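Fold and geometry: a report
Chain by chain, the residues run as shown.
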Amino acid sequence: MQQYSSLPEQNSQVDATPTVLTTIQQLRAELWLERSLNRLQNRLNDCLVNLTSNQPPGAGEAEIFQTVVNELNSVLNNGKVAIALVEPQKTVGKVCFIPTSPPQNLPSLVLKGMVKKKKKFRLRLAEEIEIDDLQLLEQQQPPSAWQLATDLDGVIGWLIIIRTPVESDSNSFKDTCVQITSQLLTRAAQQCVTTITQFRKIQSLQQRCQQLETINQELERTNQLKNQFLANTSHEIRTPLSSITGFTHLLLAQGYDPSKERHQEYLSIIQSSSKHLLALINDILDLSKIEANQLEMQWEKVDLQTLCRNVLILVKEKAANKGLKLSLELDPNVNTLLADSLRLKQMLLNLLFNALKFTTNGTVGLQVKSNNSWIYFTVWDTGTGISKKHQAELFQPYFQIPNSVVSQNEGTGLGLVVTRKLAELHGGSVEVESELGGGSRFTIVLPLRQEEGEVEGVGEDAKGEDRSRPFQLVSINNHSTNILLVEDDSHNAQLMQVYLERLGYQVNLANNSEQMWKILDQQKPAVILLDIKLPTENGLAIVQQLREHEQYRSIPIIVQTAMAMKGDREICLAAGVNEYISKPIDLPLLGSLVAKYTKQTT
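This is a predicted model, so every value here is computed, not measured.

Quick look at the packing of helix α6 (residues 304-321) against helix α7 (residues 341-357)
- Taken N-terminus to C-terminus, the directions of α6 and α7 make an angle of 35 degrees; their axes are 10 Å apart at the nearest point. In this structure, α6 meets α7 at a crossing whose hand is right-handed. Taking contact as the criterion, the partners of L304, L307, V311, L312, L314, V315, K318 and A319 in α6 are, on α7, S341, L344, K345, L348, L349, L352, F353 and L356.
- Here the contact of α6 with α7 is composed, by residue class, of 13 nonpolar, one polar and two charged.

Written as structure tokens, this is what we have:
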């Protein structure tokens, strides 16, 4: 690298008058100044390009500061340059950058002027200099310090120099030397600050670009997951729907007259497929609620003995149909648990139905035991077992284990996903142990909380009744009771009307609010069954109108609705309804609710 002398040598021979000599010296000094600043700017530009294009780990502003120090040191033979950085809210600056090859035998930095006693500083790494002293060094003539300040952060550091005295017989030469050096450091400080500012802006833009790239990747991933979800959901919904529509079409076909047994078989398939479709929808809703943090946990003190026995009652018939034994082992030391009883039952049923599905002979069992502050619910079976490969995929949505003894249309592929997420909401986890041909063990691990928390009301669905078994249409009324049914969907209206009339009720049907008010003008029903989504008016607004009307204020109102998301039940109850039942309509539950409120009004 070509080196340049700091200033013209003082013994140069120039045959000219003193005035001409002074002018030549000044021109040479100015040329040296511009050449030095251009060289520094080129080095800073190269540094900036290297940092922003391929920045090595740990590099950044430090390399810019070091470049400034090294370049200034290389062109100044009569001084040593350093940079002290200032941290926010600090009263001292610390020397962080000195030349990599510092000159030897330089004097100390001397502070004089406003203090009686002179202060001396050595520009060595980690040397601390008070901000007040740096400001005094800046005010000295000639100055020995220059601020490095940005518009955004203010003063970030100081450029400092220790000068070596220059001996000369010409006062004009000394003046030129001091003046040019000060100009060099002033403009070098500006170049340094400008480069730092540019670097920070580039860094900010690069970070923003990286953030946008990350966001784009996440959006792309989300879009892929959405497409996969829609494809899987479409497949899962169409499978049971195909059976429903196909067998329904077969039963309605003209010229086809199946036997009574075949007729019942087809109806059973339609009912089974409908339940499968409903289970899929419920699992999707549960999963979406959990992932959106919208699933409300109903914490209560759960009687584990009762809950576990009720759970086994619900799977008893399925086990008997496959010739399987059921086993229950309860730890006598654990009687209660603070949990959401409905969700705990849901988790156990998911695991038990999976165990029954993959077990052709032997036993399916439920074991409950405690260890320190944890409780373990283990569902085990003597079934086909699961390979290590498939165990890694068990908790992926829609994943179903390939198995020759199980129909691929059985199950939704979401049960284990929902179970694990529900366990996590309880502060626990789900573990699995299995091997091919050796059965499986799924364990729900929950924290054993004994303190009783706030308990909210639990609906009828949480009581453990099995309403999926066949029901008989037997009249439960000895006298006719008027029911007003407000429902715009003709099929749902026909279903509820036929069912309630078979139970002995007199049902008046209204398809909209206008018809409802006409019927109310003629008679006062014992109960109003009201759909929330009506063609011309919101059902909740109708409820408020009924509650504001003195004549109808006391009539029990049961709403039937497809609204089944978080808060829907609470919204309906707050509007003034007595009961809430979600679609598809659970007919036995509907009958029990109507019976409950007709007894209160008769």
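Concerning the UniProt feature "modified residue: 4-aspartylphosphate" (unreviewed entry) in the protein
- Taking the numbering used here, the UniProt-annotated feature "modified residue: 4-aspartylphosphate" (unreviewed entry) corresponds to D531.
- If near-sequence neighbours (up to four positions away) are discounted, D531 is found in contact with V486, E487, D488, G539, Q560, T561 and K583.

Quick look at unusual backbone geometry
- Cis geometry marks the peptide bond from Q141 to P142, where omega comes out at -5 degrees.
- Along the chain, the position of P142 falls in the loop between α3 (131-139) and β6 (145-150).
- Put simply, K583 and P584 share a cis peptide bond, and its omega is 0 degrees.
- Note on placement: P584 falls in the loop between β19 (579-582) and α14 (587-601).
- For Q89, which is not a glycine, the phi torsion comes out positive at approximately 65 degrees.
- Inspection of the secondary structure puts Q89 in the loop between β1 (79-86) and β2 (92-97).
- For Q89, a relative accessible area of 81% gives the class exposed.
- In the Ramachandran plot, A126 falls in the positive-phi region, its phi being about 75 degrees despite a non-glycine side chain.

Some points on the environment of D531
- Summarising the element assignment, D531 is placed in strand β17 (residues 527-531).
- With relative accessibility at 3%, the residue D531 sits in the buried group.
- With 42 residues separating them along the chain, D531 and D489 place their C-alpha atoms 9.1 Å apart.
- Among the polar contacts made by the side chain of D531, one reaches the main-chain amide nitrogen of K533 at a distance of 3.5 Å.

Topic: empty space enclosed by the protein
- Summed over the entire model, instances satisfying the criterion amount to one cavity of 30 Å³ or more.
- Roughly 40 Å³ of internal volume is contained in the largest cavity.
- In terms of lining, the largest cavity is formed by S36, R39, L40, E71, L72, V75 and L184.
- For the lining of the largest cavity, the secondary-structure elements that each account for two or more residues are α1 (18-53) and α2 (61-75).

Concerning the pattern of salt bridges
- For the structure on display, the rule yields 12 salt bridges.
- We note a salt bridge from E71 to R39, for which the minimum N-O separation is 3.1 Å. One end of the pair, E71, is in helix α2; the other, R39, is in helix α1, and 32 residues separate them in sequence. Both residues of the pair, E71 and R39, belong to the buried class.
- Here the salt bridges do not stand alone but share partners, grouping R39, R43 and E71 into one network.

Side note on the packing of helix α5 (residues 260-291) against helix α9 (residues 415-425)
- Two numbers describe how α5 lies on α9: the axes approach to 10 Å, and their chain directions differ by 35 degrees. Every pair of crossing elements has a handedness; the one defined by α5 and α9 is left-handed. Contacts between α5 and α9 involve D283, D286, L287, I290 and E291 on the former and, on the latter, G415, V417, V418, K421, L422 and L425.
- Of the residues in the contact of α5 with α9, the class split is six nonpolar, one polar and four charged.

Remarks on the sheet that holds strand β18 (residues 557-561)
- One open sheet accounts for five strands, arranged β16-β15-β17-β18-β19; its pairing is parallel. Strands with a single pairing partner mark the edges of an open sheet, and in this sheet they are β16 (505-510) and β19. Averaged over neighbouring strand pairs, the angle between their axes works out to 20 degrees when direction is ignored.
- Contacting β15 (481-486), β16, β17 and β18, helix α10 (residues 490-502) runs over the sheet at an angle of about 165 degrees to β16.

Comments concerning the packing of aromatic side chains
- Scanning all chains against the criterion turns up three aromatic pairs.
- An angle of 40 degrees between the planes, with centres 4.9 Å apart, marks the rings of F247 and Y266 as tilted. Taken together, the positions of F247 in helix α4 (residues 171-252) and Y266 in helix α5 put the pair 19 residues apart, joining distant regions of the chain.
- Using a relative accessible area of 23% as the deciding quantity, one classes F247 as partly exposed.

Re the pairing of strand β13 (residues 429-434)
- Both β13 and strand β14 (residues 440-447) contribute to a ladder of six bridges, which runs antiparallel. Paired with V432 across the bridge in β14 is F442.
- The turn joining β13 and β14, which pair antiparallel and follow one another in sequence, is formed by five residues; a positive phi near 80 degrees is taken by G437.

Topic: the sheet that holds strand β7 (residues 154-163)
- Taken together, five strands build an open sheet; the order of strands is β5-β2-β1-β7-β6 and the sheet is antiparallel. Only two strands of the sheet have a single neighbouring strand rather than two, namely β5 (128-130) and β6. Along the sheet, successive strands turn relative to each other by an average axial angle of 35 degrees, direction set aside.
- Across six bridges, the pairing between β6 and β7 is antiparallel. The residue bridging W146 from the neighbouring strand is L159, located in β7.
- Those strands touched by α3 are β1, β2, β5, β6 and β7, and its axis lies near 75 degrees from that of β5.

The rules behind each value
What you see as residue numbers is a count from 1 along each chain, following the sequence as written. Totals for whole chains, interfaces and linings use all residues, but because this is a predicted model, local features are given only for residues with pLDDT of at least 70 and pairs of side-chain atoms are given and counted only at 80 or more. As a rule here, side-chain values cover all heavy atoms of the structure and leave hydrogens and water aside. All axes here are fitted lines through C-alpha atoms, helices being fitted over the stretch that makes contact, and every angle between N-to-C directions spans 0 to 180 degrees. Each helix corresponds to a stretch of at least 4 residues labelled H or I by DSSP, and each strand to a stretch of at least 2 residues labelled E; elements are numbered beginning at the N terminus. A clockwise turn of the near helix away from the far one marks a right-handed crossing, whereas an anticlockwise turn of less than a right angle marks a left-handed crossing. Contact between two residues is taken to exist if any of their heavy atoms lie within 4.5 Å; hydrogens are not considered. Here the nonpolar group is Ala, Val, Leu, Ile, Met, Phe, Trp, Tyr, Cys and Pro; Asp, Glu, Lys and Arg are the charged ones; every other residue, Gly included, is treated as polar. UniProt positions are given in the numbering used here, feature names are shortened, and annotations may be inferred rather than shown by experiment. Burial classes follow relative accessibility: with a 1.4 Å probe on protein chains only, a residue under 20% of its type's maximum area counts as buried, one over 50% as exposed, and anything between as partly exposed. Two N or O atoms count as a polar contact when they lie within 3.5 Å, although within protein this holds only if one can serve as hydrogen donor and the other as acceptor, and sequence-adjacent residues are included solely when both atoms are side-chain atoms. Put simply, the grid is 1 Å and covers the protein atoms alone, a cavity is a trapped set of points that fit a 1.4 Å probe, a pocket is an open set with protein on both sides within 12 Å along at least five of seven lines, and lining residues have an atom within 4 Å of a point. Grid points are joined across faces, edges and corners, and a volume is the space filled by probe spheres set on the points. Here, a salt bridge means any Lys or Arg side-chain nitrogen found within 4 Å of an Asp or Glu carboxyl oxygen. The criterion for strand pairing is that DSSP finds at least two bridges linking the strands in question. Side-chain rings of Phe, Tyr and Trp (the six-membered ring for Trp) are treated as a pair once their centres are within 6.5 Å; stacked means planes under 30 degrees apart, edge-to-face means over 60, and tilted covers the remaining angles.

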